[in-house]
Every structure is written in structure tokens, then in C-alpha cells.
Amino acid sequence: MNRREPLVSNTKCECGHQNPVGTVLCEACGKPLDEKDRESADNLEMRYDGVARRSQRVNPGIIDLIWNFFSSVKIAIYLIVLTLLGSMLGTIFPQESTFLNIDASTYYKETYGTAGNIYYRLGLSHTYESWWFVTLLVMIGASLVICSLDRVLPLYKALTRQKIRKHRQFLTRQKVVLVTKVEEEPEVWVARLSEPLKKKGYRVKTDGGALLAEKHRFSRWGPYVIHIGLIIFLLAVLARGLPGLNMDQHLAFQQGEVTKIPDTTYYLKNEKFTVEFYTDDEMPEEFRGKKVLPKLYETKAVLYECTADCIDPSKEPKLSEVAVHDIRVNSPLSYKGLKAYQFDYDLTPVLRSVQPELVNSATGEGYGKFKLDMKNPQRTFQSGPYTLSLKEKYMDFGLNDEGQPVSKSPYPNAPAFLFLITGPDLPAEGQQYFYFPKQVDKEQFQQQAINDKLGGSGRFLELEVQGMSDVDFAESTSYLNIRVDRAMPFVWVGAGIVMLGLVLGFYWQHRRIWLNLENGELVLGGHTNKNWFGFRREIVSILYKVDVIVDEKSLDNGGGLA
Amino acid sequence: MGKARKPIQIIILSVILLLGGYAIGSSVFGGDGKPREGSKAPSFELLGLDGLTHTLDEYKGKSVVLNFWGSWCGPCVKEMPALQAQWEKWKDQGVVVIGVNVGEDQMTVENFIKLVDIDFPVVMDSGRSAVRSYGVSPLPTTFFINTKGKVDSIHIGQLDLDSLDGQIGKLVNP
Amino acid sequence: MSLLDFSSDVFIAAFFLYSGAFMLFTIAIMGRRWSGRKPEEHTARWGRIAFMVSSIGLLCHLAYFITRWMGSGHIPVSNMYEFMTFLSMMVMVAFTVIFAIYRKIILGVFAVPISIIVMAYAAVFPQEVQPLIPSLKSIYLNIHVTLAALGESFFAVGFAAGLMYLLRTVNFESKERSDRKQQRLVEFTLFSIIVIIGFLGSVFAFRGAGYESVFVRSNVTIDSSGQEDSTIEKVSYKMPPIVAPYHSETEVFQSFLGINEPLFEAPSWMNGVNAGRKFNTVIWSLLSGLILYGILRLAVRKPLGKAIHPVLDGIDENDLDEITYRAIAIGFPIFTLGALIFAMIWAQVAWGRFWGWDPKEVWALVTWLFYSAYLHLRLARGWQGRKSAWLAVLGFLVVMFTLVGVNLVIAGLHSYAGTD
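First, a word on what this report is: a plain description of the structure on this page. Since the structure is predicted, the reported quantities are computational estimates derived from the model, not experimental observations.

**Here's the deal with the nonpolar core**
Next up, step 1: Ranked by internal contacts, the top residues of the largest apolar core, which has 171 residues, are Phe 25, Met 84, Phe 95, Ile 98 and Ile 106 of chain C.
Next up, step 2: If sequence neighbours within four positions are ignored, Ile 106 of chain C has contacts with Ile 29, Met 164, Val 311, Leu 312 and Ile 315 of chain C.
Next up, step 3: By size, the runner-up hydrophobic cluster in this structure holds 45 residues, among which are Leu 56, Cys 73, Val 109 and Ile 118 of chain B.

**Observations regarding the state of the cysteines**
Next up, step 1: One pass over the full model with this rule turns up two disulfides over all chains.
Next up, step 2: Here Cys 73 of chain B pairs with Cys 76 of chain B through a disulfide, and the sulfurs are 1.9 Å apart. The S-S bond linking Cys 73 of chain B to Cys 76 of chain B shows a torsion near 85°; that makes this disulfide right-handed.
Next up, step 3: Residue classification places Cys 73 of chain B among the buried residues on the basis of a relative accessible area of 5%.
Next up, step 4: Here Cys 76 of chain B falls in the buried class, since its relative accessible area comes to 0%.
Next up, step 5: Cysteine Cys 26 of chain A is unpaired, with the sulfur of Cys 13 of chain A as its nearest cysteine sulfur at 3.6 Å.
Next up, step 6: Of the cysteine sulfurs around Cys 29 of chain A, a residue in no disulfide, the closest is that of Cys 13 of chain A, at 3.7 Å.

**Comments concerning the arrangement of the chains**
Next up, step 1: Most contacts, compared over the two pairs of chains touching, are made between chains A and C.
Next up, step 2: Across the gap from chain B to chain C, with no contact made, the nearest C-alpha atoms are 15 Å apart.

**Overview of the interface of chain A and chain B**
Next up, step 1: Chain A puts 42 residues into the contact, and the matching count from chain B is 31 residues.
Next up, step 2: For the chain A and chain B pair, buried surface summed over both sides reaches about 3300 Å², with 61% attributable to carbon and sulfur atoms.
Next up, step 3: Inspection of the region where chain A meets chain B yields three salt bridges.
Next up, step 4: Across the salt bridge formed by Arg 379 of chain A and Glu 110 of chain B, the nearest N and O atoms sit 2.9 Å from each other.
Next up, step 5: When residues of the side of chain A that touches chain B are traced back to their parent elements, those giving at least two are α2 (62-71), α5 (131-160), α8 (222-240), β4 (246-254) and β16 (386-394) of chain A.
Next up, step 6: In terms of residue count, α5 of chain A provides more of the side of chain A that touches chain B than any other element does, eight residues in total.

**Considerations on the pattern of salt bridges**
Next up, step 1: The full count for this structure, using the stated rule, is 32 salt bridges over all chains.
Next up, step 2: Each of the salt bridges in this network shares a partner with another, and the network as a whole consists of Glu 298, Lys 300, Asp 326 and Arg 328 of chain A.

What counts and what doesn't
- Residues numbered from 1 in each chain as written.
- Chains lettered and ligands numbered in written order.
- Predicted model: local features only at pLDDT ≥ 70, side-chain atom pairs only at ≥ 80, totals over all residues.
- Heavy atoms only, no water.
- Core = buried A, V, L, I, M, F, W, Y, C linked by side-chain atoms within 4.5 Å.
- Buried < 20%, exposed > 50% of the residue type's maximum accessible area, 1.4 Å probe, protein only.
- Contact = heavy atoms within 4.5 Å.
- Disulfide = S-S within 2.5 Å.
- Buried area = accessible area lost by both parts, 1.4 Å probe.
- Salt bridge = Lys/Arg side-chain N within 4 Å of Asp/Glu carboxyl O.
- Helix = DSSP H or I, 4+ residues; strand = E, 2+ residues; numbered from the N terminus.

Here it is as C-alpha cells:
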């Protein structure tokens, strides 16, 4: 890498101060150290007050070279630009992470054609998890640390050890300069000027006819505070990935059920899920009858913590209630770092149990109800004089290729039960009876016909549900996103520090005025890191107080920018 | 600070290298926590059909064939005879076949076992905790775990008798 | 009269006041040579009037905002129309702040039109008050959107000042290669602005004429269980279709200038019927932009940059450079707070993840990185003047893409997505 400033071998200034390698302006008196620079009349290079960056040395070794690489602002800018371009690439097509269940190897080709296929093959479908993108972020992190370290220490030293009396060239080559006649006793005049300066918030130091006024130095630390904040932010993001600090799962919670949250000792009960839509009255005329806008998604949730018998699956866990919250989209349940967010819902009712009654279809006589659970049902039931033993159960009834009854899924979409009934007036080995709790299934799978075949012509028993009160189902299912993210506080602390640094750095300016009054001639130089316009205006108003009238523009020594 | 500069530089650079390596590594090589070939098989604690709780640790020192299945899944049904045959063949040589039923109730499982006529141990993952820790998505999925408790190989989809035999053989005599 | 009616009335008043203020600012600058008075006096006098008018406009705009808030029961930043009207208000706020610091009359000539264009763009979208969907019901809607818009508005003022700097400093007489390149780039920037005006012009012209043509396309997809699934997509063109959606049929075609069918069909990679419609809009915008540009060129008989250049005579270029930087420096922390930090806080509360690489989030980050690079280049690498001004111009392009382009081109989670 090439250096912008030539390394000067003789770094001793004529004022007697020995400067480190790489120094541009003498640390003590501010005189330019480079011969060529001394002859120039251009504005001085005031970045970091002309002090040497820590890493600059004459014969750099490998460590120094790596260090210098990351210490360069030029490299930092390249890294920023590369990250920017990389981020852009990732938005061309949706990222894989936006889909819950796709086969990426075919999805991109099918959806976006050849371009999509190339996109996938280049690995851009997961840009933000790719090795090169993460490497860029890591390098930015390294650059943040090293750039800051390399500059903040020398700058701190330079600013705490400022000399009041500066070399004339240092003053006249600032961007704000005034050279004028002042026929007054230097020390008296300087003392007189101190008053308005102090009123404007400057801290003033004098040394005979020389003066140094300075304010808002803290603004100079702004950029470094920002960088510290960013480092904390990046570290916190990295820490989120550590095992145990992070959990993220999407779970289904049926209304009315207590469901265990895996990997935790918590159980969550969805007491009621509500979805509301805006009525026509609440919608603008143009939308009525055309659009459906949701108004509210809400899960009334109760969180339980397991207190005993938690792990052993053969025992019922003992639960105690710890939190109650109505979970809405912008209002998650939160308990000791565990958060539950409203994510999705399904309004399909899920059957939990029915209470059918065994009836004699010939006489109409009923033999009493029994409760048939969909999950883990009892095996035998007694109904009057009859015993029903459950032989088979199918949650999602269907027939396989060989025509045998099977369950097509574990979900109670079309439950079916095969009973063996024994009792009076039945054959000794009992009578088989197929029962479909849902009316639609009864018709679709022809329960009547099946049972007629199984029970023969003399069949007289039926299972019937007498009313809706005998059917128990979960009206809906609420999908919640359960998260634990223990590193989040640090993410916010980092972001807060960044913000603090931004405010310090951008809404205040470090302003300094040096002046020297000798032999009736006043030489004034001023420097600020921002807002030269306001700085010049301030100097004019201060000088006006001591009857020195100058024009704002005349202070501008060219290039008064930034 | 002059003398201490180099050591400080080295310390800072190595911390960056360490953290950076971790960041890149964890983002590129999964980090989803699912077991892969060669990684340690996650432990589980599940209720068996015998009414007792079973863990992976019980089978320490044995080769384990862990088969995730559901009664409603066609290929699972079809591969059961092959699993039963291999169980019978290898059970005296320190191999255990364990069936993990995914999310069904005891009655369904019992009926199913009777129907397909198997007698290797079956546990019930009613809360799908093992499914989660093993990162199983389609059924059937079979994990071959060696005597050291490491995942030797993973088979997604229906197993056939020959390849199953080969894989168990590899597990017993690596 | 209901609050909402009053609200839209004062909004229109604000629009005309801004337009008036723009003309007055122009008179203040352009008229300084012709008026009998001394140029400075003329500029100061008319500039004062112009600023007063623009401030009254801003008050009307504020009244629109407050009454719409009261009338609808939620902060009016919840759809594209409301957001754009808010953004135009924030541009005026940013202009007023910067104007108060620097008192440069000329700034009004360039910054006020930005606000007017954004206001006109807002009117492209449906203006009805919509009730809030659950995900928008949050205090963070107020904070995140308003702060982000304010930060972006300072970038807009930075853009105006940057463009002014370029118009002031580019040597429009020179035939040298580097100068020619600068001239062409400035001309292209101005042309792009004219295309946006062309877009707005064609939208409102055809809307005023009540133009509509409709295309249908049936899509047959085969779902996982092997079932054929056919969906019919319908798209209504509000501008005469030069280009029809890929593989579509005409349902209604209102003839325009004797054209009775679309001239050609969109290429196959433009998926979806809306891509065809958007492509058609782009063609119309370019066409009307070109016509508008041609008329202007005929009127002034030289490149527009060269024509505007004398307007900026006598303006201190260093001041323009500083205004550019200052506007961005004021906007950057606000943007960071609004568009990134509060965005993350809201995302954490609503979705449980503070960052999800959603396109809108990524583009907010891209904007932030861009201005970070700008600041580093300026503060540490000494990029000032010309280069810095170009970055300020380019930066605003990034901002506009984040606000508008992402919604048009890339759909994402953000609720404004796909609004038009």
C-alpha cells in the first residue's frame, strides 16, 4: 500500500520538539515539518491535528502491514462500498430465508428462470449468510477497532497537550485567518477579548499576547463513540448466535389447550384466539365489498412454568401460572426473556372429543353417553348393558392402494373409530361398528353401508351425537413465534451509543481560535471540524465586541469547507 | 506506549481473527443445530410403549438405528419388515433398532405394531421434541449412530433390506 | 364541512402556495437584473415574500396533517399517499431549517420544487383514509416513519444544494473532455427530473381523460397434488397500452389516437400482468419526458444545464458546498435514528426479530452505508466540492429508490409494498 505522506526522516522541529514518524505538523508549535509543505501557501492538513497515526513506522513488519491495512480509512471506505453493493445484490430476488418450506435448488429456476438459477448458483439466494458477506462485516469490525485505536490516542494526546503559542505559518495557513493591525498593549487586548469569548462558551488560555480559545472539544470524540457503539452492536449480533442465548420457534397453539414449549420448562395456553375484520362502516366507500382488512389478531394467552415432574414423560407435569397477556401483533407476551409473538392463525376447527350415545334404532331407546377423545381415548366404554371396545382408530380416514383403511395424516381431519360391541341380542363374539364423528365423513365414507356390511341385517345399534354441546373442538389454532434473545439488550446498548456519538459528532463542532498579537499586528487563525459558515459569523461577532470590525467573507482563507 | 505496542497489536489482531473466524464459521457451516454425519447424536427422553422412559444413554456402547416413523406414512409402513429383519439379525451383535413414533397416541402405535408385527423397542415422541433436536422434516428418516454416540449416517426416505444391512454392517465393523 | 374535507382543501392550498413560493423565489433570483432596484435589494425583498409564502404553505400543510390525523384517528403516514404527502412536508421543514441557517434565497428555487413534485406524486395514489391493519397499530409507526422521512428530507435538501453546486461550477463553455463529461452528467440528471415530471404529467392527463384498457391473462399452474390450478389475472391500464402484459388477451381497449391494439407485448421475463403495466408506465414517462425535454430545448436553444447556469451567477460555491454537507450532516443522525434504530425496535416488537434482511431494511442500510461513505470520504479523504456534490446527488437517488423503487420493483414485507 502506498502512503500519502512521505516519511520524513528528520522529525525534530526547530522549536526543539521531537515528533514521531508520520507527523505532519509539529506537535508543539504546529509548524509544518515537510520542507515542501513549508513553502506552500495552501491550507494546512488539520486532520487529527497533523499528528502521526500510531501505526506509522519506518520499517513495517508483517504485523504492521496488516495493522496498517485495517487502519486505512481508504480501505474502510472500500469495505463500506463493497458491503453496500453486496447488500444490493441480495435484494434482486427474495432470499431463501423468506420462505418457510422450499427446495431452493429448484425454486429459483422454476420461478425466475435462468436468471434465478444463476442467482441461486452464485449463492446470492443466501447473500447475507454467505462467507464473503460475513467476512466483509468482520473486516468492517476490524477496521472500526483499528482505525479508531490508531487515531483516537494520538488525537487525545495532541488535544490535551496543546501549546498556546503557535508558529506564524500554522496560523496563517488555517482556513479562517485574520491579519490586521491592533494598536494596543497585547496583554490588555487579549484579556479584553477573553470576555466575549468566554461568554460564547469558549475556554480561554493566554500566554502574553498569545491566546487559545476552544470549545466543544467533546465533539471530536463523536466518531469514535459511534465506532465503539458499532463494535458493541456487531459483537452483540455475533453473541446472539451462541448456544443458549437464542431460541426461535414457530408453534401451533390450539384454542383451549395447554401446549408445551419445547426446550423450555414453559407451557402456554391459548385461551381464546380472536380475529376481527373491519366492518363496511369503518372502511372508505371505495373499498366496501371489495377489500377485507383485518382489524385485530389476538391470542389470550396464559404462560405456565413447570414446577415438578417436568422431564419425565410418564408423569403429568405440575404447572403454575406465571404470566397472562393478550398477545397482539405489536404486543408480544414477555416473561423473563421469553417472548411470544402473534405470527399466524388457522380458523379450521379441530375436533377434540365427542360424546356419542348408543341408541337402539329400532326402539329409539338410548343407553347413555360416553366421552370419546380423539387423542389417547379410553379403550372400553360402557353404555347401558353394552360394552364397546375400541379396536382401531384413524385420525384422517382413507383407503390405501390395497383398499385397506389407513390414516392419511396424524391430524384429526376425518376421524374414524372401529368398535367391537358386545351385549344383549348381539352375537357372542360381538358386533363390529364403524363410527365417523363428523357428519360429512359419515356421508362421504358411507358409514351406514359399512356397518350394514359388518353387522348384517339384524343390526339395531347406532352411535349418535345428540347435540352440539356433546361435541368439543378447538375453534381455531393460533401460531405463535416463541423467541428468546438474551443478547438483545447489548444490541440496544450498541445502537444507543452509536446514536449518542452521532449527536455529539454532528450537532456540535469543535472550534478553536489561536491568536498572537505582536508588534501591533494581530494574527488570528481558526479551526473547526464543521460549519465554517457559523464559525466565521461567531468570530466576527466576538471581534465586534472589542471594536474590530471585519467582514465574514474576508476571514475565509479559501477552502473553508467541511 | 512504545514498547507495548507490538504485543497489543498482536493481541487485538488475534482477538479479531478469533471472533471473525467464529462469525464466518457459524454462518457458513450451519448453525441450525441439526446433527450431521459425524456430529454427536442429541440425547432424548421419551416414553416407551412399555410405560417407561427411555433415553439414548441406555444404549451406550451399542450401535443404534434410530428410525422416525408415523403410522400414516406409507414408506414408513413399507420399510418396517426390513427393520424387523435387521433387528432380528443384528440384535445379538450389539445393535439396537429403535422406532420413534412422531406425534401419535399410544393406541395408534400399539395397533400399528400389532399390524406390522414388529418387536423392536418403540418410543413415542408426542411433543415432537426429538424431531426438533434431530431436525427431522420428512418421514421416514433414519439415523445410524455408532458405539461412540456419533451420527454415522443419515438416511431420508424408505429403507430397503440390502442397503440397511450394508449400513448396519458398516456401523458394527467400521 | 368535515375535518377530512377541510384537510384535503388545505392540502390543495399548500400545493398552490408552494407553487407560488417557487415562482416568487425564481423571480427573486431571475428578476434581479431586470428590476430597477439594486440586485441585492431586489433579491432580498422578493426572497422575503417568497419565504413568507412558502412558510404559510407549510402551515397549511401542517393543518392538513393535523386535521387528517384527527379525522382518521391515526397518524396519516399509513399508506403511500399519506407517506408521500408527509415526506413533502418534511422536505419543506428541512428546507426551512437550512434556509433559516444560511439565508440563501436561491435554495428555494431548487428545494421547493422537490416538495411540489413529491406532493404531485402523492396524488397518484388513492387518497382515501384506510383503517390501520394490526401490524401498523403501534406507536412506532409514528416515530419510525416520521423520523425516517425527516432524515431523508435533509438528504433531499442536500441533493438540491449539490445539484446547485454542480450547475454553478461546471464549466458549460468548455469543450474539454472532462468538462464535457460533467456537462453531460448534469444534463442527464436534469433529464431524469424531467422524466419524473413527464410521468406525473401523463398520469394526471390520462386520469383526467378517464382512460382505461383492461387485459386478462389466465395462468395455469400445477399444484403439488397434480391438480391443475387456473387463475385469471386482470389488469387495468390507466394509460394507453403501448406494451401489453406477456401472454395476455385484451378485454377492453379504449382506442387512443387511432391506435386500437397494443403495439407490442412485454418480454417473457416480465412476470405477472402488473410488470407489463409498470413497463408501459415507464415507456409513457420516458416518452412524455422526452417531449417535454425537447420543448424546453427548443425554447432555450441550448443544454438545460447551460441555460440554468447563469441563474446561479454570483452565488458563492463554497457556501453551496457547505450547505450540501450541512444538510446531510443534520439529516444523517435523524435518518439513523428513524430509519434504522426505531425500525429495528419496531421490528423486534412486531415480528420478534430486529433485522430480517427484508428488501426495505436492506435498502435503508444501503442508504445509510452510502452516506457513511460520503462522510468518510469528505471528512477523512478530503472529498469536497465537485465529487462531494455528485455523491449528494447520487445519494438522493438511493433514497428515492429505497422509498419508491423498492415498492415498485421488489415486493417485501413492508406494508406499503405493491401499492401501485
